[in-house]
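A look at the structure
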Amino acid sequence: GKERAHSAEQIVKNVNRLVDDGVIEITLLGQNVNSYQYNNIDFPDLLKLVLKETKVPRLRFMTSHPKDLSEKLIDVLADEPRMMPHIHLPLQSGSNRILKKMGRAYKIEHYLNIVESLRTKMDYLSITTDLIVGFPTEKENEFEQTLDVVRQVKYDAAFMFRYSVRPGTTASRYDDDIPEDIKIQRLNKLIALQQKIAFESNQREVGQIRFCLVEGYSRRSDDILRARSEGNKTVLFQAENINKGEIVPLRITSADAFTLHGEIEEKS
C-alpha cells in the first residue's frame, strides 16, 4: 500500500514523552526510514529535529534501504554524538541480476559506494544486513557473488535466510526452482562465512571501552548482566549495584562471533 508517515511534531512529542518516563535509548522504526517525508522534512531533518527538541541520550534508526540512503543521512550519523554508530543496511544478494529480479532498485556498485562513504566518514561503525539465498533462478556463480560482497563489506552481523514463497508478493509468481537441499547447502556456507567474519570483527573490540546500556540479566544467569554497546552489540559482564537503564563504561575483555564480554572500567 501507499507509504504513510507520522508528523515530525508527533514523533518529537512521543520521544519527549518516553524520555520523561526514563527511556534512555529510542529507535525510529520504518519499513524504509530513508523515504520519510512530512511536509518539507526528510529523514535526516527529522533526526536533527529529534536531537534538537528532545534530550534523548541515544538515538537509532532502522531500516535503511540502499536505493535512497543519502550523504545527508550519513553526515548526520557521523556528526551527531547521540546517534549510535550502527546501521542496518539490507543487501539481500550480491548479484545485480538477482537484485533486479527482486525489485531492489539498486546495484552492488551503489551499495558498496554507500559502505565506503560510511566508513570514510566514521571512525567506528557497526554494519548489519539481511541476506537471502536460493531466490528463484539464482545460479551458483550468483550465490558466490553474494559471498564475495560479504567478504568485502565484513558485516558485524547478518540475518540470513533461504528463500521461501510469500503469498501476494511479486516473487510468488516466479517458479521456486532452486531445490531445497541446494538452498540449505548455500545457507550453511553463508552462515559459516559470516560467523567467521563476525568473530574477527568482534576481536577488534577487545581492549576497547564501550559505553553500554544495561538491559537486564543474561538469559542464562542472574549473576551476569546484559548490556547494549553503541554498535548494537550484546555485552555480558558482572558487577554489583548496577541497575537496568544505566549507561556504563565497559572494557571489552573477550569476544566470540555473537557476544562481547567486558568489565567495568572504574577509571572512566
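Check the entry above for the structure.
Let me sum up the structure you'll find in this document. Numbering of residues starts from 1 in every chain and runs along the sequence as written. Where totals are concerned, whole chains, interfaces and linings use all residues; where local detail is concerned, this predicted model gives features only for residues with pLDDT of at least 70, and gives and counts side-chain atom pairs only at 80 or more. For side-chain calculations, the full set of non-hydrogen atoms in the structure is used, while hydrogens and water are omitted.

**Quick look at the sheet that holds strand β6 (residues 126-133)**
- We call two strands paired when DSSP finds no fewer than two bridges between them. Helix and strand labels come from DSSP, where a helix needs a run of H or I of at least four residues and a strand needs a run of E of at least two; each type is numbered from the N terminus. Strand order in the open sheet formed by three strands is β5-β6-β7, with parallel pairing between adjacent strands. Each end of this open sheet is capped by a strand with a single partner; those strands are β5 (86-88) and β7 (157-162). Neighbour-to-neighbour, the strand axes of the sheet open up by a mean angle of 10 degrees, direction not taken into account.
- With three bridges connecting them, β5 and β6 associate as parallel partners. In the strand pairing of β6, His86 is matched with Ser126. Angles here are taken between N-to-C directions and fall from 0 to 180 degrees, while the axes themselves are lines fitted to C-alpha atoms, restricted in helices to the stretch in contact.

**Remarks on the packing of helix α5 (residues 108-121) against helix α6 (residues 140-153)**
- Two elements in contact, α5 and α6, have axes separated by 11 Å at closest approach and are oriented at 10 degrees. Classified by the interaxial angle, the pair formed by α5 and α6 is roughly parallel. Residues Ile108, Tyr111, Leu112, Val115 and Arg119 of α5 form the contact with α6, whose own contacting residues are Val149, Gln152 and Val153.
- Residue polarity is assigned by list, with Asp, Glu, Lys and Arg as charged and Ala, Val, Leu, Ile, Met, Phe, Trp, Tyr, Cys and Pro as nonpolar; anything else, Gly included, falls into the polar class. When the residues that make up the contact of α5 with α6 are grouped by side-chain class, the tally is six nonpolar, one polar and one charged. For classification purposes, an angle smaller than 35 degrees is called roughly parallel, one larger than 145 roughly antiparallel, one from 65 to 115 roughly perpendicular, and anything else oblique. Throughout, a residue-residue contact means that at least one pair of heavy atoms, one from each residue, lies within 4.5 Å.

**A look at the packing of aromatic side chains**
- Two rings belonging to Phe, Tyr or Trp (six-membered ring only in the last case) form a pair when the distance between their centres is within 6.5 Å. Interplanar angles under 30 degrees mark stacking, angles over 60 mark edge-to-face geometry, and anything in between is tilted. For the structure on display, the rule yields four aromatic pairs.
- With centroids separated by 5.1 Å and ring planes inclined at 70 degrees, the aromatic side chains of Phe135 and Tyr163 adopt a geometry described as edge-to-face. With Phe135 in the loop between β6 and α6 and Tyr163 in the loop between β7 and α7 (180-203), the pair connects residues that are 28 residues apart, well separated along the chain. Assigned by exposure class, Phe135 and Tyr163 land together as buried.
- Taking the centre distance of 6.2 Å and the plane angle of 80 degrees together, the rings of Phe135 and Tyr174 count as edge-to-face. Here Phe135 is found in the loop between β6 and α6, whereas its partner Tyr174 is found in the loop between β7 and α7, with 39 residues between them in sequence.
- Taken together, the ring pairs connect Phe135, Tyr163 and Tyr174 into an aromatic cluster. Between buried and exposed lies partly exposed: a residue is buried under 20% and exposed over 50% of the maximum accessible area for its type, with that area taken using a 1.4 Å probe on protein chains only.

**As for the sheet that holds strand β11 (residues 247-255)**
- With mixed pairing, five strands are arranged side by side around a closed barrel as β8-β9-β10-β12-β11. Across this sheet, the average inter-strand angle for adjacent strands is 55 degrees, counted without regard to direction.
- In this sheet, strand β12 (residues 260-264) lies alongside strand β10 (residues 234-237) in parallel orientation, the contact comprising two bridges. Each residue of the ladder has a partner; that of Val235, found in β12, is Leu260.

**Digging into the pattern of salt bridges**
- Salt bridge, as used here, is a side-chain nitrogen of Lys or Arg placed within 4 Å of a carboxyl oxygen of Asp or Glu. Taken as a whole and judged by the stated rule, the model has 22 salt bridges.
- Between Lys183 and Glu180 there is a salt bridge, with its nearest N and O atoms 4.0 Å apart. In this pair, Lys183 and Glu180 both sit in helix α7, three residues apart, roughly one turn of the helix.
- Overall, Lys183 belongs to the buried group, its relative accessible area being 1%.
- For Glu180, a relative accessible area of 39% corresponds to the partly exposed category.
- Because the salt bridges share partners, they merge into one network encompassing Asp156, Glu205, Arg210 and Lys233.

**Here we look at the nonpolar core**
- Residue types Ala, Val, Leu, Ile, Met, Phe, Trp, Tyr and Cys, when buried and joined through side-chain atoms within 4.5 Å, form a set referred to as a nonpolar core. Grouped together as the largest cluster of nonpolar side chains are 56 residues, with contacts concentrated most on Leu28, Phe43, Leu47, Val50, Phe61 and Tyr111.
- At six residues, the largest contribution of residues to this core is made by α5.
- Setting aside residues no more than four positions away along its own chain, Phe43 makes contact with Leu28, Val33, Asn34, Tyr36, Phe61 and Leu73.
- Counting twelve residues, the second-largest nonpolar core is a separate cluster that includes Ala227, Phe237, Leu250 and Ala255.

**Quick word on the environment of Glu142**
- Mapped onto the elements of the fold, Glu142 is located in helix α6.
- Among the residues examined, Glu142 registers a relative accessible area of 6% and is labelled buried.
- The spacing of Glu142 and Gly94 is 48 residues in sequence and 7.0 Å in space, taken between C-alpha atoms.
- Ignoring any residue separated from it by four or fewer positions in sequence, one finds Glu142 in contact with Ser95, Arg97, Ile98 and Thr137.

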